[in-house]
Amino acid sequence: MPRIPVFAANWKMHKTVLETVAWIREFAALSKALSADAAEIIVAPPFTAIAAAAETARTATVCVAGQNLHFEREGAFTGEVSGAMLKDAGADFVIIGHSERRRLFGDTDAWVNRKLIAARLAELTPIVCIGETLEERERGETLAVLDRQLKSGLDGSSGDQIASLILAYEPVWAIGTGKNATAAEAGEAHTHIRKRLREWFGGAHGDRCRILYGGSVKPENIRELIGLEDVDGALVGGASLEARSFAAIVQNAQ
Ligand code: PEP
């Protein structure tokens, strides 16, 4: 079964409700010719704009994701949002373990795993981010770091759950820096991740999981990245803030 490519826009802490609605309308107008079989489009606005995004996206072929969730359903967790709340607001996906969450807010592999379980309970499709820092790459630890993040983050997952999961390989040194991984670097990481998924969760399940590349993706470099066998789309930060450049990324990947 072919893997439908996924293009996900991670807006981080950008955009008001009005800006969110305008972006989705502009993107929909720019990508009218895009069929749902050609690519799945996901936007991850800030929590405050999820409901408006979901409402606007109904008439566009765009799905909505949260950028994070708490693993408890409810409770005394000031400032946090649960999977059930994201679902209630209209999200169908959620990003888990983004490197900014890991680096700035202390998300650990164990927390990623708890959030993954919580996402599934809330019927949200998880988009789990993994990737090495520059220091880890320079020490030759890239593949070991990916193994550790995959093993702990995905612990307890069934083959079927892996098949429906979205992973994002995001080398931390490439996020927001303008410096993307070369095709050789991305290819090595993606092939390794696929190999591990096949070994640990079964060949058929590992083959169905979509693995996105993230890190300074732009309209100019997507074609080379998407041409790699195990790259099934992109998670895009900076270049997704303008509907026009995100639409160009999706277009150039076709
Ligand atoms: C991201 O935030 O996941 C990301 C990949 O950012 P950027 O595209 O700006 O590097």
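Caption draft 1: Region of the structure containing the site of the ligand. Within the structure, the ligand sits among 14 residues, and K12, E170, G176, S216 and G238 are positioned closest to it. G237 places a polar main-chain atom, nitrogen or oxygen, 2.8 Å from an oxygen atom of the ligand. Relative to its unbound accessible surface of 290 Å², the ligand loses 96% to contact with the protein.

Caption draft 2: Spotlight on the side chain of D232. If you trace the backbone, D232 turns up in the loop between α11 (222-226) and β8 (233-236). Leaving out residues up to four positions away in the same chain, D232 has contacts with R3, I4, P5, V6, R194, C209, R210, I211, L212 and I226.

Caption draft 3: Main features of the pairing of strand β4 (residues 93-96). Across the two faces of β4 the burial is the same, with F93 and I95 and V94 and I96 all buried. Here two bridges tie strand β3 (residues 63-66) to β4, and the two strands are oriented parallel to one another. By the bridge assignment, G66 is partnered in β4 with V94.

Caption draft 4: Focus on the packing of helix α5 (residues 109-121) against helix α7 (residues 142-153). Two numbers describe how α5 lies on α7: the axes approach to 8 Å, and their chain directions differ by 40°. The pairing of α5 with α7 is recorded here as oblique in orientation. Our pair here, α5 against α7, has a crossing hand that is right-handed. On α7, the residues touching D109, V112, N113 and L116 of α5 are R148, Q149, S152 and G153. Across the contact of α5 with α7, the residue classes break down as two nonpolar, four polar and two charged.

Caption draft 5: Just the state of the cysteines, in detail. Applying the stated rule across the entire model yields zero disulfides. Just so you know, C63 is unpaired, no disulfide at all, and the nearest cysteine sulfur is the one on C209, 17 Å from it. The structure places no disulfide on C129, whose sulfur is separated from the nearest cysteine sulfur, that of C209, by 12 Å.

Caption draft 6: Layout of the pattern of salt bridges. In the structure shown here, the tally under the stated rule is 18 salt bridges. Ionic pairing is found between E55 and R58, a salt bridge with its closest N-O pair at 2.8 Å. With relative accessibility at 47%, the residue E55 sits in the partly exposed group. As a salt-bridge pair, R102 and D109 come within 2.7 Å of each other at their nearest N and O atoms. For R102, a relative accessible area of 17% gives the class buried. On the accessibility criterion, D109 (12% relative accessible area) is buried. One network of salt bridges, with partners in common, ties together R3, R194, D230 and D232.

Cut-off values and rules
Residues numbered from 1 in each chain as written. Predicted model: local features only at pLDDT ≥ 70, side-chain atom pairs only at ≥ 80, totals over all residues. Heavy atoms only, no water. Near = heavy atom within 4 Å. Polar contact = N/O pair within 3.5 Å; in protein donor to acceptor, adjacent residues only side chain to side chain. Areas by Shrake-Rupley, 256 points an atom, 1.4 Å probe, with all protein chains shown as cover. Helix = DSSP H or I, 4+ residues; strand = E, 2+ residues; numbered from the N terminus. Contact = heavy atoms within 4.5 Å. Buried < 20%, exposed > 50% of the residue type's maximum accessible area, 1.4 Å probe, protein only. Pairing = 2+ DSSP bridges. Axes fitted to C-alpha atoms, helices over the stretch in contact; angles between N-to-C directions. Parallel < 35°, antiparallel > 145°, perpendicular 65-115°, else oblique. Left-handed = near helix turned anticlockwise from the far one by under 90°. Nonpolar A, V, L, I, M, F, W, Y, C, P; charged D, E, K, R; others polar. Disulfide = S-S within 2.5 Å. Salt bridge = Lys/Arg side-chain N within 4 Å of Asp/Glu carboxyl O.

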